[in-house]
Amino acid sequence: MPRASLFLLLTVLVAGHAASLRANPPVAQENLSRGPMVQLTTRSSAVLVWRTVGPTIPLVRYGTSAADLDRVVLPVQMAIRVSPELAAPPELPRLSQAPPNTYQYEAYFSGLSEDTVYYYGIFDGDDLLSGCSEEFHFRTQPARDTARPLRFWVVGDSGTGTPPQIAAFNAMTQFVANEGPPLDAFLHLGDMAYNSGLDGEFQTKFFDIYASLLRNTVTWPTMGNHEGRSSSGLLGIGPYYDAFVLPRNGEAGGVPSGSEAFYSFDLGPIHFVCLNSHDEERSQVGRMATWLLNDLTQNDSDWLIAFWHHPPYTRG
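The text that follows walks through the structure, step by step, so that each part is easy to find. Everything numeric in this text was worked out from a predicted model, so none of it was measured.

Points about the overall build of the protein chain
- A count of helical and extended segments in the protein chain gives six helices and 15 strands.
- Compactness check: the protein chain gives a C-alpha radius of gyration of 20 Å against a globular reference of 20 Å for 316 residues, within 12% of the reference.
- When the backbone C-alpha atoms are referred to their principal axes, the protein chain occupies close to 60 × 50 × 40 Å.
- Here the protein chain holds 316 residues, and the buried ones make up 50% of them.
- Of all intrachain contacts in the protein chain linking residues separated by at least 6 positions in sequence, the fraction that spans at least 24 positions is 69%.

Written out as structure tokens, the structure reads:
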């Protein structure tokens, strides 16, 4: 279907079915293959990423009440990437690895209120793929002077797909449910998909296991050496970079790094710095060190947290 016709059809669907979608969302379809996952939240924006088997007419409805999703993200506000074998227009970006007939959608939300919970539903035209319940939401970042406590789950070397990984996740989930408040972010310190960070390993050892967390909690990752077996931080390509949308242009605060392999972001009174300890040059005159110096020089947040994969000391 030509792109213009697709947008016209979607406009008709939105106008004709908006009320019925909010009142009686149809049953979810089976072609959702990954996600949804919350990415790159700021005080006024967010990104939502998901995959389907085959093309869809992508639409996200959202709002501050799960019972009234009164706003919409249209295809013109999305980036679309497809699996390598598809005969698609050359301007459509390709995933480096993905199962055949995969479409990845990255929906960009803007004009949001700070420190606010938004609920969402993902649709294929008027068919619900996922969401439209209390569990499917994201929260924008709080103001710098927020007085509320902030909570993070920080994990590294988790991607084994074994019972201990699942037990640790279940224990955290139960603790947060019992103690509150909910998580403000999920920080992953790398090695999230053993053994080689392949697309299929990401699916079974990260996305499938953490699905209930990823759909409502923003993830900020760094690349480990196992992801580095199939992804390149220097080039910004591979399954790791297919999976995440990260702030290379200073979208979430800090100095633009020009790379998704190392970046910074603000969350309330905290400035976070993510470094690439796997395959980036670490000399004092390298691009990462030069950027880091500029970022730290301009930072005046109350708290500074830096994270990367490799420890300064290791028993290995």
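Some thoughts on the sheet that holds strand S13 (residues 263-267)
- As summarised here, the arrangement of the three strands in space is S13-S14-S15, forming an open sheet in which the pairing is mixed. On the outer flanks of this sheet lie S13 and strand S15 (303-307), each paired with one strand and no other. Here the strands of the sheet are splayed against their neighbours by 20 degrees on average, with no regard to which way each runs.
- In the sheet, S13 pairs with strand S14 (residues 270-274) via five bridges, with the strands oriented antiparallel. Looking at the pairing, leucine 267 lines up with isoleucine 270 of S14.
- Taken strand by strand, helix H6 (residues 287-298) contacts S13, S14 and S15, and its axis lies near 180 degrees from that of S14.

Comments concerning the pattern of salt bridges
- For the structure on display, the rule yields ten salt bridges.
- For arginine 139, the salt bridge goes to aspartate 115, with nearest N and O atoms at 2.8 Å. With arginine 139 in strand S9 (residues 137-139) and aspartate 115 in the loop between strand S6 (102-109) and strand S7 (117-124), this residue pair connects regions lying 24 residues apart in the sequence.
- The exposure class of arginine 139 is partly exposed, given its relative accessible area of 33%.
- Take aspartate 115: its relative accessible area is 24%, and that puts it in the partly exposed class.
- With a closest N to O distance of 2.9 Å, arginine 144 and aspartate 300 form a salt bridge. Here aspartate 300 lies in the loop between H6 and S15 and arginine 144 lies in the loop between S9 and strand S10 (152-155), a separation of 156 residues in the sequence.
- Residues participating in the shared-partner salt-bridge network are Asp115, Arg139, Arg148 and Asp184.

Brief notes about the pairing of strand S11 (residues 185-188)
- A two-sided burial pattern is seen for S11, the buried positions comprising Ala185 and Leu187 on one face and Phe186 and His188 on the other.
- Here four bridges tie S10 to S11, and the two strands are oriented parallel to one another. The residue of S11 that forms the bridge with valine 154 is leucine 187.
- The parallel pair S10 and S11, bridged by helix H2 (residues 163-179), forms a crossover whose chirality is right-handed.
- Relative to strand S12 (residues 219-221), S11 runs parallel, the two sharing three bridges. Across the sheet, leucine 187 pairs through a bridge with tryptophan 220, a residue of S12.

Describing the side chain of histidine 271
- Counting through the fold element by element, histidine 271 comes out in strand S14.
- Residue classification places histidine 271 among the buried positions, given a relative accessible area of 2%.
- In this structure the side chain of histidine 271 is engaged in a polar contact, spanning 2.6 Å, whose partner is the side chain of aspartate 266.
- One polar contact links histidine 271 to aspartate 295, side chain to side chain, over a distance of 2.6 Å.
- Residues contacting histidine 271, with those up to four places away along its chain left out, are Gly254, Ser264, Phe265, Asp266, Asp295, Asn299, Ser301, Trp303, Leu304 and Ile305.

A closer look at the nonpolar core
- Within the largest apolar cluster, 68 residues are counted, with the highest numbers of intra-cluster contacts made by Val60, Phe109, Trp153, Phe206, Tyr210, Trp220 and Phe244.
- In terms of residue count, the dominant contributor to this core is strand S2 (residues 46-53) (five residues).
- Setting aside chain neighbours within four positions, we find phenylalanine 109 in contact with Ser44, Ser45, Ala46, Val47, Leu48, Val60, Tyr62, Val73 and Phe138.

Some remarks on the packing of aromatic side chains
- Evaluation of the coordinates by the stated rule reveals 28 aromatic pairs.
- Here phenylalanine 109 and phenylalanine 138 contribute two aromatic rings whose centre-to-centre distance is 5.0 Å and whose plane-to-plane angle is 65 degrees, an arrangement assigned as edge-to-face. Taken together, the positions of phenylalanine 109 in strand S6 and phenylalanine 138 in strand S9 put the pair 29 residues apart, joining distant regions of the chain. Phenylalanine 138 shares its class with phenylalanine 109; the two are buried.
- Between the NZ or CZ atom of arginine 34 and the centre of the ring of phenylalanine 207, over which it lies, the distance is 4.0 Å.

Calculation notes
- Residues numbered from 1 in each chain as written.
- Predicted model: local features only at pLDDT ≥ 70, side-chain atom pairs only at ≥ 80, totals over all residues.
- Heavy atoms only, no water.
- Helix = DSSP H or I, 4+ residues; strand = E, 2+ residues; numbered from the N terminus.
- Rg over C-alpha atoms; globule rule 2.2 N^0.38 Å.
- Buried < 20%, exposed > 50% of the residue type's maximum accessible area, 1.4 Å probe, protein only.
- Contact = heavy atoms within 4.5 Å.
- Pairing = 2+ DSSP bridges.
- Axes fitted to C-alpha atoms, helices over the stretch in contact; angles between N-to-C directions.
- Salt bridge = Lys/Arg side-chain N within 4 Å of Asp/Glu carboxyl O.
- Right-handed = clockwise from strand over helix to strand, strands pointing away.
- Polar contact = N/O pair within 3.5 Å; in protein donor to acceptor, adjacent residues only side chain to side chain.
- Core = buried A, V, L, I, M, F, W, Y, C linked by side-chain atoms within 4.5 Å.
- Phe/Tyr/Trp six-rings, centres within 6.5 Å; stacked < 30°, edge-to-face > 60°.
- Lys NZ or Arg CZ within 6 Å of the ring centre and 35° of its normal.

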